[in-house]
Amino acid sequence: MNPSHQFLEQGVSHQNLKRTSCANVLTLAYQSLGVVYGDLSTSPLYVYKTSFSGKLSLKEDDEEIFGVLSFIFWTFTVIALFKYVFIVMSADDNGEGGTFALYSLLCRHAKLSMLPNQQPADEDLSAYSTEDSAETWQSSRLKLLFEKHPRFQKGLLIFVLLGTCMAIGDGVITPAISVFSAVSGVQVKINQLHDNYVAIVSCIILVGLFSIQHHGTHRVAFLFAPVVAAWLLCISGVGIYNIFRWNRQVYRALSPVYMYRFLKTNGMEGWLSLSGVVLSITGVETMYADMGHFSALSIKIAFTCLVYPCLILAYMGEAAFLSKHHFDIKRSFYKAIPEAVFWPVFIVATLAAVVGSQAVISATFSIISQCCALNCFPRVKIVHTSSKIYGQIYIPEINWILMCLCLAVTIGLRDTNMMGHAYGLAITTVMFVTTCLMTLVIIIVWKKGIIKALSCLLLFGSIELLYISASACKIPEGGWIPILLSIIFVGIMFTWNYGTMKKHQFDVENKVSMSKMLSLGPCLGMVRVPGIGFIFSSLTSGIPAIFGHFVTNLPAFHQVLVFICAKSVQVPYVNENERLVISRIGPKEFHMFRCIVRYGYKDMQQENYNFENKLVSAIIQFIETEDYAEEQTNELTIDDGNINIEESCKGESMQILKAKESGVTYIIGHSYAEAKKSSSLIKKFGIDIVYAFLSKNCRDHDIMLDVAHTSLLEVGMAYHV
């Protein structure tokens, strides 16, 4: 029950209720520090160092350092504060944020969904609600454009996948650069310590970090917020100290005039240095992506009241220090720390880097899970690490792949500058994808005019393209890493999506009609055996070809048959009472049913309850409802509540319960796809090699469903696509 409802029922006054609500929001704001802002808050470790890593050097005056600080301040203010806090976070999908949330909003309002098996009944889901405002000519034209040209729909999907893959690349680079930057601070005290030793210590921390992922973070998550809060207070305090100690005139750099003078004076080198400046906003996308775990208001309060002022003070303080210590640029962050508090700050910095890395790793698991739900990634094992906190997951395969890639980046580069160049290109690409999707949302979902949408695109998109162009010039110096990773992941995702869609198309074209099944009966001498058969397929209507293939070779099937289709819908979550949709196939005496299991893109598609009992109870309730109300439609959304089995065990219900006592068999297709002989070489390579390799090495359905081998029956079948 909602806390506010509890207080209302107890007769608490409105003033106390308001005070309690404020306390809840502030509590969430505090808790969000450890999950949302770990990555963003550790950016000061490497921003100035990376910005001045090229030929740009500090001169005797303060123009260069003030120019970089001015860029940091206005980039942080315009992108993080104006774009994300004031605009993007308003475009939520039932409280959820992120790239898939924007894509989901567009799919529901403009019918852009590339998911198969979408039905009109899905629009009745409580989370499916769309805006009732009248269409504008801009929104109508844009929708019509996408509807008439399916290639634009595919292009939009690839664009979304590009942003998603860059976010996955962020999950590789963030732990490497955060931990390496934090550990390298020890070189300030031990000058002779080689980078190789820093890399070794960083690798040890990274291996330990990835090795504990299977335990889940809920046991130590209570430490995350205090660590990040302590870190923010430390760097802001050091920043204030440096401002008063070294240069009180640093506030003048907040004028945008210094940006113009910086670029005019330094030209090409000034422009290239922006690839380091952009690192100041790494992690701002997390504010939007993690909105569903907290609330938009709590995240906004945490950012505006603590994160934003603390980071600005930290950057100003480091700039003040650099204005008097031009030769300390390579170690400026740790050099600026007063001697008395160096080691405490160093320890907190290392802990903050680990916390920030942990948040990005968890976010990567969540992204991969969503990609699987949208048929854009091979099936992987998803482990729930907490029975109390929904959404905390662990994916073994992805965890070890991330660890190997992080170690490769750390050992291969051993330089925060090169890591920073890779990092900057990844995060700016994700931000630009969000800006473009946000422009479409303003027109299609919010029904605003083209002027407002283009203003958003030109203001934020031009800034992000400026940083992308600067980061792109650093491709030979580390920027190639996210590009290579994105090409690989986009290739995997698009190939898997294409192969899955083609297999579904084959199923639709080759499904068996009921009349054909009835005609096969006398010829094959089919018999009904005791028990229940659960037949899994991707179809929401008709009988799958796999079943026809099965009865042709083995002319017998179970007394009760249930054709199960587990599918995703374009909403973040589906309520449990809307999860199952039961319908009957053929006459009552056939005892054949269809069950559609619906999941949102953030739902975990692995049942943590007894699926058999729940499904049988749902079928019995469907039968009883059918008996009591024959005039109602044959397809109903089944309530998940408990039913009185003893009272309802009559007629067909009794037969189903007896069939369940005889045993349940899971009939799953073990199929493989082959490209047609007339297919192009690219299609043959994609289907016969890439898709076949992914299918062979992904998780099987029986593992995903946790089915005992004694209850499993696999039917082999080839698909020609």
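Residues numbered from 1 in each chain as written. Predicted model: local features only at pLDDT ≥ 70, side-chain atom pairs only at ≥ 80, totals over all residues. Heavy atoms only, no water.

Asker: So what exactly am I meant to see when it comes to the overall build of the chain here?
Answerer: Tallying secondary structure elements over the chain gives 27 helices and 9 strands in all. Taking all 721 residues of the chain together, 55% fall into the buried category. Contacts in the chain between residues far apart in sequence, at least 24 positions, make up 84% of those at least 6 positions apart. (Helix = DSSP H or I, 4+ residues; strand = E, 2+ residues; numbered from the N terminus. Buried < 20%, exposed > 50% of the residue type's maximum accessible area, 1.4 Å probe, protein only. Contact = heavy atoms within 4.5 Å.)

Asker: Looking at this model, I keep getting lost on the packing of aromatic side chains. Mind explaining?
Answerer: If you walk through the whole model with that rule in mind, you get 24 aromatic pairs. Note on Trp-231 and Phe-333: the rings are 5.7 Å apart at their centroids and 40° apart in plane angle, and the pair reads as tilted. Of this pair, Trp-231 sits in helix H10 (residues 224-246) while Phe-333 sits in helix H15 (residues 332-335); the two residues are 102 residues apart in sequence, bridging distant segments of the chain. Phe-333 carries the same exposure label as Trp-231, and that label is buried. Between the aromatic rings of Tyr-334 and Phe-346, the centroid separation amounts to 6.1 Å while the plane-to-plane angle is 55°, which identifies the pairing as tilted. You can see Tyr-334 sitting in helix H15 and its partner Phe-346 sitting in helix H16 (residues 342-373), a full 12 residues away along the chain. Among the aromatic residues, those joined into a ring-pair cluster are Trp-231, Phe-333, Tyr-334, Phe-342, Trp-343 and Phe-346. Above the plane of the ring of Phe-342 lies Lys-189, whose end atom (NZ or CZ) is 4.8 Å from the centre. (Phe/Tyr/Trp six-rings, centres within 6.5 Å; stacked < 30°, edge-to-face > 60°. Lys NZ or Arg CZ within 6 Å of the ring centre and 35° of its normal.)

Asker: How do you make sense of the nonpolar core when you look at a structure like this?
Answerer: For soluble globular proteins, nonpolar side chains are generally found buried alongside one another. By size, the foremost hydrophobic cluster in this structure holds 161 residues, and its most contacted members are Tyr-37, Tyr-48, Phe-303 and Tyr-334. A per-element tally of this core places helix H8 (residues 150-183) first, with 16 residues. In this structure Tyr-334 touches Leu-45, Ser-181, Ala-182, Gly-185, Val-188, Phe-342, Phe-346 and Ala-349, once residues within four positions along its chain are discounted. (Core = buried A, V, L, I, M, F, W, Y, C linked by side-chain atoms within 4.5 Å.)

Asker: Which parts of the structure should I look at to understand the pairing of strand E6 (residues 592-599)?
Answerer: Regular strands show a simple pattern: their side chains alternate between the two faces of the sheet. Counting buried residues along E6, 8 of its 8 residues qualify, which places the element largely inside the surrounding structure. Burial of E6 is two-sided: the residues Met-592, Arg-594, Ile-596 and Arg-598 facing one way and the residues Phe-593, Cys-595, Val-597 and Tyr-599 facing the other way are all buried. Alignment of strand E4 (residues 556-568) against E6, held across 8 bridges, turns out to be parallel. Along E6, the bridge assignment pairs Cys-565 with Ile-596. (Pairing = 2+ DSSP bridges.)

Asker: Please clarify how H16 should be interpreted in this entry.
Answerer: Given 3.6 residues to a turn, an α-helix orients residues that are three or four positions apart in the same direction. Taking 1.5 Å of rise per residue, 32 residues should cover 46 Å, and H16 covers 47 Å from first to last C-alpha, within 8% of that figure. Positive phi shows up at Asn-375, right after H16, with a value of about 60°. (Expected span 1.5 Å × (residues − 1).)

Asker: Whenever I open this one, the confidence of the model for the chain confuses me. Can you help?
Answerer: Low pLDDT means the predicted coordinates in that region are not meant to be read closely. Averaged over every residue, the pLDDT of the chain is 83; residues scoring 70 or more account for 87%. Taken together, the stretch residues 631-641 has pLDDT below 50 and engages in 33 contacts with residues farther than four places along the chain or on a different chain. Of the regions scoring below 50 in pLDDT, residues 643-649 engages in 10 contacts with residues more than four places distant in sequence or in other chains. (pLDDT = per-residue confidence, 0-100.)

Asker: What is the right way to look at unusual backbone geometry in this model?
Answerer: A negative phi angle is the norm for most residues apart from glycine, just as the trans form is the norm for most peptide bonds. With a phi close to 55°, Asn-94 is a non-glycine residue in the positive phi region. Its identity as a non-glycine residue notwithstanding, Lys-447 has a phi of 60°, on the positive side. Mapped onto the secondary structure, Lys-447 falls in the loop between helix H18 (416-444) and helix H19 (450-472).

Asker: Sorry if this is basic, but what is going on with the environment of Asn-375 here?
Answerer: Turning to its location among the elements, Asn-375 is positioned in the loop between H16 and strand E1 (383-384). Setting aside its immediate chain neighbours within four residues, Asn-375 contacts Leu-115, Pro-116, Trp-496, Asn-497 and Thr-500.

Asker: Would you mind going over H19 with me for this structure?
Answerer: Along H19, the sharpest kink reaches roughly 30°, centred on Gly-461. Among all positions in H19, only Ala-453, Cys-456, Phe-460, Gly-461, Glu-464, Tyr-467, Ile-468, Ala-470 and Ser-471 are buried. Against helix H5 (63-87), helix H11 (257-272), helix H12 (274-277) and H18 lie the buried residues of H19. (Bend = angle between axes of the 7 residues up to and from the residue.)

Asker: Would you explain the pattern of salt bridges in this entry?
Answerer: Between side chains of opposite charge, pairing is possible as soon as their charged atoms come close. Inspection of every chain in the model, using the stated rule, returns 12 salt bridges. The closest approach of N and O atoms between Lys-143 and Glu-135, which form a salt bridge, is 2.4 Å. On the basis of relative accessibility, which here comes to 12%, the residue Lys-143 falls in the buried class. When its relative accessible area of 41% is taken as the criterion, Glu-135 is described as partly exposed. Between Lys-189 and Glu-339 there is a salt bridge, with the nearest N and O atoms lying 2.6 Å from each other. Taken together, the residues span a long stretch of sequence, with Lys-189 in the loop between H8 and helix H9 (195-211) and Glu-339 in the loop between H15 and H16 at a distance of 150 residues. A single salt-bridge network, built from bridges that share partners, covers Glu-576, Arg-579, Asp-603 and Lys-614. (Salt bridge = Lys/Arg side-chain N within 4 Å of Asp/Glu carboxyl O.)

Asker: Could you clarify how one ought to interpret the environment of Ala-692 in this entry?
Answerer: Topologically, Ala-692 is positioned in helix H26 (residues 681-697). On the basis of relative accessible area, Ala-692 is assigned to the partly exposed category, the value being 31%. Taking C-alpha positions, Ala-692 is 7.0 Å from Ala-673, a pair spaced 19 residues apart along the chain.

Asker: Even after reading the chapter, I still don't get the packing of H10 against H16, so can you show me in this structure?
Answerer: Angle between the axes and distance between the axes are the two parameters that describe a pair of packed helices. Relative orientation of the contacting elements H10 and H16 amounts to 130°, with a least axis distance of 9 Å. Considered as vectors, H10 and H16 are oriented oblique to each other. The two elements H10 and H16 meet at a crossing, and its hand is left-handed. Between H10 and H16, the residues in contact are Phe-224, Val-227, Val-228, Ala-230, Trp-231 and Cys-234 and Val-345, Val-348, Ala-349, Leu-351, Ala-352, Val-355 and Gln-358, respectively. Classifying every residue of the contact of H10 with H16 gives 12 nonpolar, 1 polar and no charged. (Axes fitted to C-alpha atoms, helices over the stretch in contact; angles between N-to-C directions. Parallel < 35°, antiparallel > 145°, perpendicular 65-115°, else oblique. Left-handed = near helix turned anticlockwise from the far one by under 90°. Nonpolar A, V, L, I, M, F, W, Y, C, P; charged D, E, K, R; others polar.)

Asker: Just to check I follow, could you spell out the packing of H18 against helix H20 (residues 480-509) for this structure?
Answerer: Two numbers describe how H18 lies on H20: the axes approach to 7 Å, and their chain directions differ by 50°. It follows that H18 is oblique to H20 by the angle criterion. Here Ala-422, Leu-425 and Ala-426 of H18 come into contact with H20, specifically with Ile-481, Pro-482 and Ile-483. Partitioned by chemical class, the residues of the contact of H18 with H20 number 6 nonpolar, no polar and no charged.

Asker: Honestly, the environment of Ser-362 in this entry has me stumped. Any pointers?
Answerer: Here Ser-362 lies in helix H16. The exposure class assigned to Ser-362 is partly exposed, which follows from its relative accessible area of 29%. Measuring from C-alpha to C-alpha, the distance between Ser-362 and Gly-171 comes to 8.8 Å, with 191 residues separating the pair along the chain.

Asker: For this particular structure, what's the right way to read the side chain of Lys-447?
Answerer: No salt bridge is formed by the buried Lys-447, whose closest oppositely charged neighbour, Glu-135, lies at an N-O distance of 4.1 Å. A polar atom in the side chain of Lys-447 sits 3.1 Å from the backbone oxygen of Ile-444. (Lys, Arg positive; Asp, Glu negative; His and termini not counted. Polar contact = N/O pair within 3.5 Å; in protein donor to acceptor, adjacent residues only side chain to side chain.)

Asker: Sorry if this is basic, but what is going on with a nonpolar patch on the surface here?
Answerer: On the surface, Ile-450, Ile-451, Leu-454 and Leu-458 cluster together to form a nonpolar patch covering roughly 380 Å² of accessible area. Within the secondary structure, Ile-451 is located in helix H19. Overall, Ile-451 belongs to the exposed group, its relative accessible area being 62%. (Patch = residues over 30% accessible without salt bridge, like charges linked within 9 Å, V, L, I, M, F, W, Y side chains within 5 Å. Areas by Shrake-Rupley, 256 points an atom, 1.4 Å probe, with all protein chains shown as cover.)

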